[in-house]
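# Architecture at a glance
Take a look at the letters that make up each chain.
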Amino acid sequence: MAASRNWPFVGREALVVKTLERLNSGHHIILAGAAGLGKTRLAGEVATRMLAKRVVVHRVAASPASAHLPLAPFAALIASESTDDIVGAVLRSLGADGRAGAGDPLLVVDDMHLLDDASAAVLQQVLLTGHVRLLGTLRTTSELPAAVSRLRQEADVATIDVPPLSDDDITTMVEHALGGTLDGRSHQLLITACAGNPMYARELVEGSLAAGTLRGLERLWSFDGELAATPLLEEVVLARLAPLSTNERGALELFAIAGQLPHRLVQQIVDGDTLEHLERKQVVKALPTEGSQPLQLDVTHPLYRELTRARLGALARMRIYQKLALAMDAIAAGGEPSPATAESIRDAMWHIRGEVEIAPEKLLTAARGAVAMGDSPLAAELAQVGYRRGGQIEAALLASWCLAEIGRHDEAIDVLKDAADHALAPWEQAAMRLRVAEELWWTSRQQAATAYLNETDLPAGPWHDFLDAQRGVFAMLDGDLPEAWRLCRPLIDHPYMSVRLVAAIAVGNAGINGDSIDEAMQVCGAAVAAVASGVDNEVGHLGDTNLHLAIQLVAMLHGGEVAAAAEFAEAGYASTIRQPSMQVRAWAAMLCGQALAIRGDIVKASRYLAEAERGWVGVGLQGFAGWCSAGLARAQAELGRNEESLATLRRFEGYNMSGFHLNEVLLDIGRAWVAAASGNRATAAKALAEAIERATRHEQWTHVAEAWHEAARLELLDVMDGLDNWPRPRARLAAARFDFVHACRSKSVRDLEAAVATFESLGAVLYAAEAAAVGARVARSSGAAKESMRLDGMAGRLLALCGTVRTPLLAGRDAGPLSPREGEVARLVALGLTNREIATQLVIGERTVENHIYRIFIKLGVDARDQIAEVLNRS
């Protein structure tokens, strides 16, 4: 598989230049570093450039297989020569019979640490003649032959250390090879596992592809499960661990299962001599600590842990968990203070996996802590065991929610129904019923959900309001905003917190889509404040309280705080990528995709939406997956990827969207973009007209504004009726859409320029650019050339912030080859100069530079500045 992928040479240009400079100044160079850092490839790149300068290059390589054979690396050079004068034979074979200088041949010696003593001695003698330059590589973790060690001490031998690659360089290398981007969690997994080692990164990608645990969809690549290594990588890493003793291997297995551990705990299991031996062998290290924090230990490279753990069977793992649990019990029995939260969570996990007794209350406490840390799989495991052992209703609720977050919905329902049979209090019974109905609804079993919610013999009381609030949430999800308002508006000031929290979900989302943004912000803000106050609700864990924060973020977006909402969304996403919960990551990616699509960063929006769609599918929630795929289809069409957009819509058709009609408008918009791209304006207009009619019927005024805006963006206003019946919305973004649509119809340059200013002030940069482009076109058609140029400059400046997009309103702008000035700017961008530096060097304004870069993006068909260098190099 590796042969079909192109793994680029990245992150080493400075080292190549440095090596060439030192060679040309008469030095011998040794590239030194750990295994897998790319020393051989770096030497090959240097040799290639020397060849381009007509320098004669010869390459020899030592190997483990030939290390016991004297002079094996030089065999090819002296095969036809007399062995009486080995040094002379090598020099003649190299053509090194002239004087030292720039014309001397270059001898590349790979893996010098594997040279046998005779070869090392010959190499030293060859270099002493002064007629050969050396470019060698050696592994710093290996013992060196005495002759090689002496050679490194020579005055004209320079050692250049090859460091690990930066995270950005590893990412660039991998994504170039894959032809797409890694999702956030996969990026984090790979970066952590390879620790800057390019060979490790390559072999983990190739191994995972071969194992089927790395999959691509819509230019997005994700690890499904653990990373898999190739046999080559396993051989390299395990060879490093092969010399370990039985006790040392047992200690390593401890870290393989548990990860970083406190020294006081490890001492309970492993003797001090073994730990010191592992430290000297650079397998285990002590981590730096601050203040009075206890000393922590861990392996020196993540792959030591990963590959060791992969070889441990179920019984071995149970034995190690048991050792860890008993060690923690021994520490506790000794009177030491209770462990910190993270350590207590691991302690609970070790106890249940090692089958060591632990109190159910401790399991529930640990499960709550795991939820707070975003580890839904572990929280589900702890809460389930806690419920089975202790029967607490809160444990059942917590387990059900966490099971649902990892896609195990039927298991969640089973836990809830079992708990319902034992629940005595009306609030507990109502909570079980609500959660079962919620799981059924989310997994497209709406009739069963409604029936289960209604089939109750609870006595009269406030818990019935609790169930009504959930009915309002279901109405909201199905797009029936009037019913959601009717059920939940009276409940937002309910005396019981549980009722308020559920009602706020319906009212918040209805407010966003029903043009009542302020109400949505106020209601959800009150819910967040209530949770933050620490007041207990009546039923324990009902779900993720961050949901109200998410609703507030979307309200900010439609309320006109686009830039701030996008910033918050990306910060939230960054905080979730380390979390094991796929559902949490899907929420974060979906919010990012929505925010960045409105901001105008369509490339990133499409990546986030693809990631979110995959995440929702992974946890079995097709309704949310459908919403994301509809948004993705539009984003792909905006980028001119029409075939991908059509494929996404076809994938959407396979989702069961029953009960999730709130965002059905997004599907109609996606269909309209695909139809318009194929030239079928009538079909596109019909899709949008149906969307407007349906959204109006359900009082989804935000969606009405969005659909009319898309009609203007697709230049369909002339074939659609009903615009005069659309009242101006109150929400700032929807109102800006309204003004732009009417400005397009009236062809008012003044109103279009006002739309540019409004959209830009909201942070909707792409929409502002489109308004400027329309204004420029209208001004040009009326003969106002100066006004047209000014508005066109606005469009260029704004689009330089968006990257490449292919929307109808921007069609025809800046086609053709680069102008001479654009070529100058492109070359300076490729060299890494900022806009300000380019402006200074060319004596032009920064705005002018932005306009040039926008046109360069369009003409070269690129999405980012770093792609300009690639295109220029190809041309």
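Figured I'd write up the structure that's included with this text. Treat the numbers as computed from the prediction; the structure is a model and nothing was measured.

The rules we used
Positions within a chain are numbered from 1, following the residues in the order the chain's sequence is written. Selection of residues for local features in this predicted model requires a pLDDT of at least 70, selection of side-chain atom pairs for listing and counting requires 80 or more, and totals for whole chains, interfaces and linings are taken over all residues. To obtain the side-chain values, all non-hydrogen atoms of the structure were included, while hydrogens and water were left out. Paired strands, in this sense, are two strands between which DSSP finds at least two bridges. Comment: elements are numbered from the N terminus, with helices defined as DSSP H or I runs of at least four residues and strands as E runs of at least two. Fitting a line to C-alpha atoms yields each axis, with helices limited to the stretch in contact; the angle taken between N-to-C directions then spans 0 to 180 degrees. When checking whether two residues touch, look at their non-hydrogen atoms; a contact exists if any pair is within 4.5 Å. To estimate the expected span of a helix, count its residues, drop one, and scale the result by 1.5 Å. Note on classification: 1.4 Å probe, protein chains only; a residue is buried when its accessible area is under 20% of the maximum for its type, exposed when over 50%, partly exposed between these limits. Any carboxyl oxygen of Asp or Glu within 4 Å of a side-chain nitrogen of Lys or Arg constitutes a salt bridge here. Each angle gets one of four labels, with under 35 degrees taken as roughly parallel, over 145 as roughly antiparallel, 65 to 115 as roughly perpendicular, and the rest as oblique. In this scheme the crossing of two helices becomes right-handed for a clockwise turn of the near helix relative to the far one and left-handed for an anticlockwise turn of less than a right angle. Gly is placed with the polar residues, together with every amino acid not listed as nonpolar (Ala, Val, Leu, Ile, Met, Phe, Trp, Tyr, Cys and Pro) or charged (Asp, Glu, Lys and Arg). Patch membership is restricted to residues that have no salt bridge and whose relative accessible area is over 30%. Joining uses 9 Å for like charges and 5 Å for the nonpolar side chains Val, Leu, Ile, Met, Phe, Trp and Tyr. In this description, accessible areas are obtained by the Shrake-Rupley approach with a 1.4 Å probe, and a residue is regarded as covered only by the protein chains that are shown. Charge counting follows a simple rule: Lys and Arg are positive, Asp and Glu are negative, and His as well as the terminal groups are ignored. For charged residues, the charge sits on one atom: NZ in Lys, CZ in Arg, CG in Asp, CD in Glu. Side-chain atoms within 4.5 Å link the members of a nonpolar core, which is a set of buried Ala, Val, Leu, Ile, Met, Phe, Trp, Tyr and Cys residues.

Okay, the sheet that holds strand E2 (residues 57–61) next. Pairing in this open sheet of five strands is parallel, and the strands run E2-E3-E4-E1-E5 from one edge to the other. Of all strands in the sheet, those with a lone pairing partner are E2 and strand E5 (157–161), marking the two edges. Neighbour-to-neighbour, the strand axes of the sheet open up by a mean angle of 20°, direction not taken into account. Taken together, the five bridges between strand E1 (residues 28–33) and strand E4 (residues 133–139) define a ladder with parallel strand orientation. Across the sheet, the residue bridging to Gly33 is Arg139, located in E4. Sheet strands touched by helix H1 (residues 13–24): E1, strand E3 (106–110), E4 and E5. Its angle to E5, the strand with the most contacts, is close to 180°.

Attention now moves to helix H35 (residues 701–713). The end-to-end C-alpha distance of H35, which contains 13 residues, comes to 18 Å, matching closely the 18 Å that a straight helix rising 1.5 Å per residue would cover. When you tally the buried positions in H35, you get twelve out of 13 residues, the bulk of the element. Glu715 sits one or two residues past H35 and shows a positive phi near 55°.

Turning next to the pattern of salt bridges. Taken as a whole and judged by the stated rule, the model has 49 salt bridges. Among the salt bridges present, the one from Glu234 reaches Arg311, with a minimum N-O distance of 3.0 Å. A residue pair is termed long-range when its members are at least 10 positions apart, and Glu234 in helix H10 (residues 231–241) and Arg311 in the loop between helix H14 (302–310) and helix H15 (314–333) qualify at 77 residues. Using a relative accessible area of 25% as the deciding quantity, one classes Glu234 as partly exposed. The exposure class of Arg311 is partly exposed, given its relative accessible area of 44%.

Our focus in this paragraph is the sheet that holds strand E9 (residues 261–262). One open sheet accounts for three strands, arranged E9-E11-E10; its pairing is antiparallel. Whereas interior strands pair on both sides, the edge strands pair on one side only; in this sheet they are E9 and strand E10 (284–287). Bridging between E9 and strand E11 (residues 296–299) involves two bridges; their strand directions are antiparallel. Paired with Pro262 across the strands is Gln296, a residue of E11.

Attention shifts here to the packing of helix H37 (residues 749–762) against helix H38 (residues 765–781). With their axes 8 Å apart at the nearest point, H37 and H38 run at an angle of 165° to one another. Compared by their axis directions, H37 and H38 come out roughly antiparallel. Handedness of the H37/H38 crossing: left-handed. Each of Val749, Leu752, Ala755, Val756, Phe759 and Glu760 in H37 lies in contact with H38, whose residues at this interface are Tyr767, Ala768, Ala771, Ala772, Val774, Gly775, Val778 and Ala779. Here the residues of the contact of H37 with H38 are counted per class, giving twelve nonpolar, one polar and one charged.

Once that is clear, we can look at helix H21 (residues 426–442). In this model, H21 (17 residues) spans 24 Å end to end at C-alpha, consistent with the 24 Å of a helix rising 1.5 Å per residue. Burial within H21 is extensive, with 14 of its 17 residues counted as buried. Among the residues trailing H21, Ser444 stands out with phi positive, at a value near 65°.

A few words on the environment of Thr848. Structurally, Thr848 can be placed in helix H42 (residues 846–860). With 756 residues separating them along the chain, Thr848 and Arg92 place their C-alpha atoms 61 Å apart.

Quick look at a negative patch on the surface now. Taken together, the side chains of Asp271, Asp273, Glu276 and Glu279 make up a negatively charged region of the molecular surface. Inspection of the secondary structure assignment puts Asp271 in the loop between helix H12 (263–266) and helix H13 (272–280).

Looking at where Glu248 falls in the secondary structure, it is placed in helix H11 (residues 246–258). Owing to a relative accessible area of 4%, Glu248 belongs among the buried residues under this scheme. In the structure, Glu248 is positioned 26 residues away from Thr274 in sequence and 5.8 Å away in space, judged by C-alpha atoms. Apart from residues lying up to four places away in sequence, Glu248 is in contact with Pro243, Thr274, His277, Leu278 and Lys281.

This brings us to the nonpolar core. Counting residues in each nonpolar core, the largest one holds 246 residues, and the members touching the most others are Val174, Trp350, Trp616 and Trp708. Take this core: its biggest share by element is twelve residues, from H38. Every residue in contact with Trp350, bar those within four places of it in the chain, is listed here: Ala258, Leu261, Leu265, Tyr321, Leu324, Ala325 and Met328. Formed by 30 residues, the second largest nonpolar core is a distinct cluster that contains Ile30, Val60, Ile78 and Met112.

Time to look at unusual backbone geometry. Positive phi values are uncommon outside glycine, yet Glu355 reaches one of about 55°. Within the secondary structure, Glu355 sits in the loop between helix H16 (341–353) and helix H17 (360–372). In this structure, Ser444 is a non-glycine residue whose phi angle is positive, near 65°. Within the secondary structure layout, Ser444 lies in the loop between H21 and helix H22 (446–454).

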